Amino acid sequence: MYRIIRHLSIDVSIGAAVMMGLVATSFGIKIEGVYYFLLALITWLIYTADHLMDARNIKHVAGTPRHRFHQKHYRGILTAEIIGIFLFVALIPRDLELDLFRLSLLLAGLILLYFLSLIWARKTQFRWVLKELFIALCYTLGVSLIPVYRHWPPGLFDWIFLIRILFLALCNLFLFSWMESGSDMQDRNPSAIRFMGARPLQVLLRFCLWLNLAAGLLILVFIPVQSWLFSLTLSLMNLVLLAVAYRPHRFRKNELYRVLGDGIFLLPLLSILWYLMQHR
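Everything numeric here is computed off the predicted structure, so don't read it as measured data.

1. Notes on the pattern of salt bridges
For the coordinates displayed, the defined rule picks out two salt bridges. Between Arg150 and Glu32 there is a salt bridge, and its shortest N-O distance comes to 2.9 Å. One end of the pair, Arg150, is in helix 7 (residues 131–150); the other, Glu32, is in the loop between helix 2 (10–27) and helix 3 (33–57), and 118 residues separate them in sequence. According to the relative accessible area criterion, Glu32 is partly exposed, its value standing at 41%.

2. Here's the deal with the nonpolar core
With 60 residues, the main nonpolar core has Met19, Val143, Ile165, Leu175, Leu205 and Leu234 as its most contacted residues. Of all the elements in the fold, those that place two or more residues in this core are helix 2, helix 3, helix 6 (98–124), helix 7, helix 8 (156–179), helix 11 (198–219), helix 12 (228–246) and helix 14 (268–278). Considering every element that reaches this core, the biggest residue donor is helix 8, with 13 residues. In this view, Leu175 contacts Leu205, Leu241, Val244 and Ala245; residues no more than four positions away in its chain are not counted. In this structure, Leu8, Trp44, Leu52 and Ile77 belong to the second largest nonpolar core, which totals seven residues.

3. Here we look at the confidence of the model for the chain
Looking at the chain, the pLDDT average stands at 86 and 89% of residues meet or exceed 70. Mean pLDDT values over the elements of the chain span from 58, in helix 9 (residues 181–187), up to 94, in helix 2.

4. Regarding the state of the cysteines
Under the counting rule described, the total for this entry stands at zero disulfides. Here Cys171 is not cross-linked by a disulfide; its sulfur's nearest cysteine counterpart is in Cys208, at 4.8 Å. For Cys171, a relative accessible area of 0% corresponds to the buried category.

5. Details of unusual backbone geometry
Looking along the chain, the bond that leaves Trp152 and enters Pro153 is cis, with omega of 0°. Its location among the elements puts Pro153 in the loop between helix 7 and helix 8. The backbone of Ser9 sits at a positive phi, close to 65°, despite the residue not being glycine. For Ser9, a relative accessible area of 3% translates into the label buried.

6. Quick notes on the packing of aromatic side chains
Summed over all chains, the structure comprises seven aromatic pairs. For the pair Phe176 and Tyr257, a centre-to-centre distance of 6.0 Å together with 65° between the ring planes defines the contact as edge-to-face. Placement of the pair is Phe176 in helix 8 and Tyr257 in helix 13 (residues 256–263), with a sequence separation of 81 residues. Among the residues examined, Tyr257 registers a relative accessible area of 6% and is labelled buried. Ring pairs connect the aromatic residues Tyr114, Phe115 and Phe134, which therefore count as one cluster. If you follow Arg206 out to its NZ or CZ, it ends over the ring of Tyr246, 4.1 Å from the centre. Lying over the aromatic face of Phe176, Arg258 brings its terminal NZ or CZ to 4.1 Å of the ring centre.

7. Here we look at helix 11
Helical geometry note: an α-helix holds 3.6 residues per turn, so side chains three or four residues apart project in the same direction. Across its 22 residues, helix 11 extends 32 Å between first and last C-alpha, which sits within 8% of the 32 Å expected from 1.5 Å per residue. Within the span of helix 11, buried status applies to Leu201, Gln202, Leu205, Arg206, Cys208, Leu209, Asn212, Leu213, Gly216 and Ile219.

8. Considerations on the environment of Gly263
Looking at the secondary structure, you find Gly263 in helix 13. Residue classification places Gly263 among the partly exposed residues on the basis of a relative accessible area of 23%. Distance from Gly263 to Gly15, taken between C-alpha atoms, is 7.6 Å for residues 248 residues apart in sequence.

About the criteria used
Residues numbered from 1 in each chain as written. Predicted model: local features only at pLDDT ≥ 70, side-chain atom pairs only at ≥ 80, totals over all residues. Heavy atoms only, no water. Salt bridge = Lys/Arg side-chain N within 4 Å of Asp/Glu carboxyl O. Helix = DSSP H or I, 4+ residues; strand = E, 2+ residues; numbered from the N terminus. Buried < 20%, exposed > 50% of the residue type's maximum accessible area, 1.4 Å probe, protein only. Core = buried A, V, L, I, M, F, W, Y, C linked by side-chain atoms within 4.5 Å. Contact = heavy atoms within 4.5 Å. pLDDT = per-residue confidence, 0-100. Disulfide = S-S within 2.5 Å. Phe/Tyr/Trp six-rings, centres within 6.5 Å; stacked < 30°, edge-to-face > 60°. Lys NZ or Arg CZ within 6 Å of the ring centre and 35° of its normal. Expected span 1.5 Å × (residues − 1).

Take a look at the structure:
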């Protein structure tokens, strides 16, 4: 059952909602429940559309279980995707602020640009498309859009907090590309491994993880005590990725690296619950 949840990116979608909760709690604001559901739904729609595109373009049996699952159940998942789009539109609050709506449209345009770039890259076999950076940027904008809008203007440490989330999302995707180098090359998917090769990607991945961890530990000296919990949460997530990056052979079996890589974005739920219990 959990394998199906992972193949369908449901854990990633829930993780996105959790991350928005982490940003909102860190900023000291409250967000209505419908926005958490909408973020989880649009995250699922985007990831599923990406996987369906991959499954459609891979003419042979895909190299990863996730893509093979989408090949096998293509029509059923596509039907769910269409229903999900109508559900998303229907649930958009009618009292949504106009400026927030405009910002959401800009983000939607960026996501559309991402898909268009992928279509072009697949058709031309142009490998210089760093899709991981695009996805990480869209992910960070998605989980922070409403919190930043309602907390404007954020302070210096708020921006650093968001940049650390961006680095975590980027390193997570770099890690997957590195661990799945064989299947990405076989299926000719646009990815970081085709952009720069295995060794440079490994070096970049470890550098970014250490840089992100160092930044988190350094700002603990300066940030208010009440923000320590959230900064330490990001550092713990970072440490999990570091462990996988330095001991990849231990985490390849049964795609354990994906379980951990996607699972870390659920960890902040514990921090949020702890914080709310202490401040109720």
